[in-house]
Amino acid sequence: QVQLVESGGGLVQAGGSLRLSCAARGSIFSINFMGWYRQAPGKQRELVARITSGDTTNYADSVKGRFTLSIDKASNTVYLEMNSLKPEDTAVYYCNCNVKRSVLVGAYDYWGRGTQVTVSS
């Protein structure tokens, strides 16, 4: 079983910064990709940022230049550094991790419970 432990959400003023972290715990053979989605009230869930096993990153256009995704492979922990935050960034942020649990099985997709990020104007 794999669990994603999220932390770092909270309340911040516009222009401020937050750093989210997500640690993948459990039986993991390898990580295919890992990142963050978010869902704001009245909107569908959208990809924020993702990093692959080859260290290729993808960002939503709305966060490019402001958010930075990194990974500590030794601890299976991904970090999302969020700078110049805007009220439009307010959402529940969900960690997502696609892993291979053993050499004989395929990949599985796991989700965190979500952490609230609120940006005041």
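Placed above this text is the structure.
Residue indices follow the written sequence of each chain, beginning from 1 at its first position. Side-chain atom pairs in this predicted model are given and counted only at pLDDT of 80 or more, local residue features only at pLDDT of at least 70, and totals for whole chains, interfaces and linings cover all residues. Note: side-chain values were computed over all heavy atoms of the structure, leaving out hydrogens and water.

(A) Main features of the side chain of Arg38. Strands here are runs of E lasting at least two residues and helices are runs of H or I lasting at least four, both read from the DSSP assignment and numbered beginning at the N terminus. Looking at the element boundaries, Arg38 is found in strand E4 (residues 30-39). Of note is the side chain of Arg38, whose polar atom sits 2.9 Å from the side chain of Tyr93. Working rule for contacts: check all heavy atoms of both residues, and any pair within 4.5 Å makes them a contact. If near-sequence neighbours (up to four positions away) are discounted, Arg38 is found in contact with Gln44, Arg45, Glu46, Val48, Ser62, Val63, Phe67, Asp89, Ala91, Val92 and Tyr93. Here a polar contact is taken to be a pair of N or O atoms separated by no more than 3.5 Å, where protein atoms must pair a possible hydrogen donor with a possible acceptor and residues adjacent in sequence count only if both atoms sit in side chains.

(B) Up close: the side chain of Ser21. Looking at the element boundaries, Ser21 is found in strand E3 (residues 18-26). Only protein chains enter the accessibility calculation, which uses a 1.4 Å probe. A residue is then buried if its area is under 20% of the maximum for its type, exposed if over 50%, and partly exposed in between. Look at Ser21 and you get buried, because its relative accessible area is 16%. Side-chain polar atoms of Ser21 contact the side chain of Ser7, separated by 2.6 Å. Not counting chain neighbours up to four residues away, the residues in contact with Ser21 comprise Val5, Glu6, Ser7, Trp36, Thr77, Val78 and Tyr79.

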